[in-house]
Amino acid sequence: MNPQANLIFIISLLLGTTITISSNHWIMAWTGLEINTLAILPLISKSHHPRAIEAATKYFLTQSAASALVLFSSMTNAWHTGQWDITQLTHPTSSLILTSAIAMKLGLVPFHFWFPEVLQGSPLTTGLLLSTIMKLPPIALLYMTSHSLNPTLLTTLAILSTALGGWMGLNQTQIRKVLAFSSISHLGWMAIIIVYNPKLTLLNFYLYAMMTATIFLTLNTIKVLKLSTLMTAWTKIPSLNAMLLLTLLSLAGLPPLTGFLPKWLIIQELTKQDMAPAATLISLLSLLSLFFYLRLAYCTTITLPPHTTNHMKQWRTNKSTSTMIAILATMSIMLLPISPMILTIV
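Within every chain, residues take consecutive numbers counted from 1 along the sequence as written. Per-residue local features of the predicted model are confined to residues with pLDDT of at least 70, and side-chain atom pairs are confined, for both listing and counting, to 80 or more; whole-chain, interface and lining totals are unaffected and use all residues. Values reported for side chains reflect all heavy atoms of the structure, with hydrogen atoms and water molecules removed beforehand.

(A) Inspection of the packing of helix α6 (residues 124-131) against helix α10 (residues 198-222) at higher detail. Look at α6 against α10: their axes get within 9 Å of each other, and the N-to-C directions meet at 175°. The orientation of α6 relative to α10 falls into the category roughly antiparallel. Facing α6, whose interface residues are Leu124, Thr125, Gly127, Leu128 and Ser131, α10 presents Tyr208, Thr212, Ala213, Phe216, Leu217, Leu219 and Asn220. Taken together, the residues of the contact of α6 with α10 break down into 7 nonpolar, 5 polar and no charged. Helix axes use the C-alpha atoms of the stretch in contact, all axes being lines fitted to C-alpha atoms, and the angles between their N-to-C directions lie in the range 0 to 180 degrees. By definition, any uninterrupted DSSP run of H or I lasting at least four residues is a helix, any uninterrupted run of E lasting at least two residues is a strand, and each is numbered from the N terminus. Any angle from 65 to 115 degrees is called roughly perpendicular, while one under 35 is roughly parallel, one over 145 is roughly antiparallel, and all others are oblique. Throughout, a contact is declared for two residues whenever any of their heavy atoms are within 4.5 Å. When residues are grouped by polarity, Ala, Val, Leu, Ile, Met, Phe, Trp, Tyr, Cys and Pro land in nonpolar, Asp, Glu, Lys and Arg in charged, and all others, Gly among them, in polar.

Right, here's the structure in full:
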């Protein structure tokens, strides 16, 4: 793709995200979401492969439907209350429609079907944008309307997302699909706490985005898309592979790594809200996703599964790892000890 065109699309993405996050009026928020959708479509379909075109079409159709629902929800609220302010979403029907629209935009169960397919058809760098920056505007809208959302509905969506994200990721061999189901599972953790402590949702999202960015950039550096190629990639940049192992375990939420912090805080907050059964259930369901993270970690570094095919070992590269990956990987692994400071900032 032409570098100038690429730059325009990236700037449009940042513009759309900024407009949605900083707006008070529903129409401005909707405009930002539309700019975002239109800017990411060329980045998904830039390889001109049939799978990429299919991914772009699926993405366009789901996001258009979700944007229409956002508009419908805000118009219903304005009709009943005379308010176009995002924080004044008080009508129950409007908040129900908005919840389903945001669930569709994020890829929460039961509106999750498009996300693994779209991520599988996109390049790794576009997959990174889809998993992180494209999720920020809908989460910001949830944050602003969190006081008027239905807690029972969100808890149900969250538990279903964690269950399905873990369950469907178990037998995947394509790494992008595994990361898509991982994203669905993490969104479940964010959705369950948004009504009770919205700041925790934002903290969880920031840490998730940081760890996912590390994994996507690492995979992009070693050029790996499938589990079978991941097994032989350790010869390329061994030190980077070791960091990938730790980041995967951090994303799984194992102590003493960074990924444990949001899960710990969410379980604590749910217990305070007398929701110990929900906390127990979502913790048990996250064990499903722990399995496929461990499988990825095993294929990355720990051991090679027995197989009969002869794989060519790849040449070790002298290319130095980018500073960005080094910083992100360090933060993805080592932030737990300074969690009190993080909590004071948030």
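(B) Layout of the packing of aromatic side chains. Between 30 and 60 degrees the pair is tilted, below 30 it is stacked and above 60 it is edge-to-face, where a pair is any two Phe, Tyr or Trp rings, Trp via its six-membered ring, whose centres lie within 6.5 Å. One pass over the full model with this rule turns up 5 aromatic pairs. Geometrically, the ring pair formed by phenylalanine 260 and tryptophan 264 is stacked, given 5.8 Å between the ring centres and 10° between the ring planes. Of this pair, phenylalanine 260 and tryptophan 264 both sit in helix α13 (residues 260-272), 4 residues apart, roughly one helical turn. Among the residues examined, phenylalanine 260 registers a relative accessible area of 25% and is labelled partly exposed. Aromatic side chains phenylalanine 292 and tyrosine 293 sit 5.1 Å apart centroid to centroid with 50° between the ring planes, which places their arrangement in the tilted category. Judged by its relative accessible area of 2%, phenylalanine 292 is buried. Exposed residues in this analysis have more than 50% of their type's maximum accessible area, buried residues have under 20%, and partly exposed residues fall in between, with area computed by a 1.4 Å probe over protein chains only. On the accessibility criterion, tyrosine 293 (2% relative accessible area) is buried.

(C) Examining the pattern of salt bridges more closely. Salt-bridge detection follows one rule: a side-chain nitrogen of Lys or Arg within 4 Å of a carboxyl oxygen of Asp or Glu. A complete count under the given rule lists 3 salt bridges for this structure. Notably, a salt bridge pairs lysine 58 with glutamate 54, separated by 2.7 Å at the nearest N-O pair. Of this pair, lysine 58 and glutamate 54 both sit in helix α3 (residues 50-81), 4 residues apart, which is roughly one turn of that helix. For glutamate 54, a relative accessible area of 36% puts it in the partly exposed group. A salt bridge links lysine 58 to glutamate 117; the nearest nitrogen and oxygen atoms lie 3.8 Å apart. Residue lysine 58 is found in helix α3, and its partner glutamate 117 is found in helix α5 (residues 114-121); the two are separated by 59 residues along the sequence. Overall, glutamate 117 belongs to the partly exposed group, its relative accessible area being 26%. Through salt bridges with shared partners, a single network forms among Glu54, Lys58, Glu117 and Lys177.

(D) View of the packing of helix α8 (residues 151-168) against helix α14 (residues 276-302). As a packed pair, α8 and α14 sit with axes 7 Å apart at the nearest point and diverge in direction by 25°. On the basis of the axis angle, α8 is roughly parallel to α14. Read as a crossing pair, α8 and α14 show a hand that is left-handed. In this structure, α8 uses Thr155, Ile159, Thr162, Ala163, Gly165, Gly166 and Trp167 to contact α14, whose residues at the interface are Ala278, Leu281, Ile282, Leu285, Ser286, Leu288, Ser289 and Phe292. Its residues assigned to classes, the contact of α8 with α14 shows 9 nonpolar, 6 polar and no charged. Working rule for handedness: look at the near helix, and if it is turned counterclockwise from the far one by less than a right angle, call the crossing left-handed; if clockwise, right-handed.

(E) Focus on the UniProt feature "domain: NADH:quinone oxidoreductase/Mrp antiporter transmembrane" (unreviewed entry) in the chain. UniProt positions are given in the numbering used here, feature names are shortened, and annotations may be inferred rather than shown by experiment. Feature annotation in UniProt places "domain: NADH:quinone oxidoreductase/Mrp antiporter transmembrane" (unreviewed entry) on residues 23-288, given in this structure's numbering. Along residues 23-288 one finds 75% helix and 0% strand; the C-alpha atoms at either end are 38 Å apart.

(F) The environment of threonine 344, seen in detail. Looking at where threonine 344 falls in the secondary structure, it is placed in helix α16 (residues 339-345). Here a polar contact is recorded for every N or O atom pair within 3.5 Å, except that within protein the pair must consist of a potential hydrogen donor and a potential acceptor, and residues adjacent in sequence are included only if both atoms are side-chain atoms. Separated by 2.5 Å, the side chain of threonine 344 and the backbone oxygen of methionine 341 make a polar contact.

(G) Looking closely at the environment of alanine 242. You can see alanine 242 is positioned in helix α12 (residues 238-252). Its relative accessible area of 32% is what places alanine 242 among the partly exposed residues. Taking C-alpha positions, alanine 242 is 16 Å from threonine 229, a pair spaced 13 residues apart along the chain.

(H) Just the domain arrangement of the chain, in detail. Marked domain ranges trace back to an automatic or database domain assignment. When cut into domains, the chain gives domain 1 (1-128) and domain 2 (150-307 + 320-345). Each of domain 1 and domain 2 has a C-alpha centre, and the two are 23 Å apart. Listed per partner, the contact involves 20 residues of domain 1 and 26 residues of domain 2. Across the domain 1/domain 2 interface, buried area totals approximately 2,000 Å², and carbon plus sulfur atoms make up 77% of it. As used here, buried area is the combined drop in accessible area, with a 1.4 Å probe, of two parts when they are placed together. For domain 1, the biggest contributors to the area lost against domain 2 are Val109, Gln120 and Leu124; these three give 34% of the whole. Connecting domain 1 to domain 2 are 1 salt bridge. Glutamate 117 is paired through a salt bridge with lysine 177; the nearest N and O atoms lie 3.5 Å apart. At the surface where domain 1 touches domain 2, the tally comes to 4 residue pairs in polar contact (both at pLDDT 80 or more). Put simply, the parts of the chain that give the side of domain 1 that touches domain 2 at least two residues each are α4 (92-106), α5 and α6. It is α5 that contributes the most residues to the side of domain 1 that touches domain 2, 5 residues altogether. Of the residues assigned to the side of domain 1 that touches domain 2, the class counts are 12 nonpolar, 7 polar and 1 charged.

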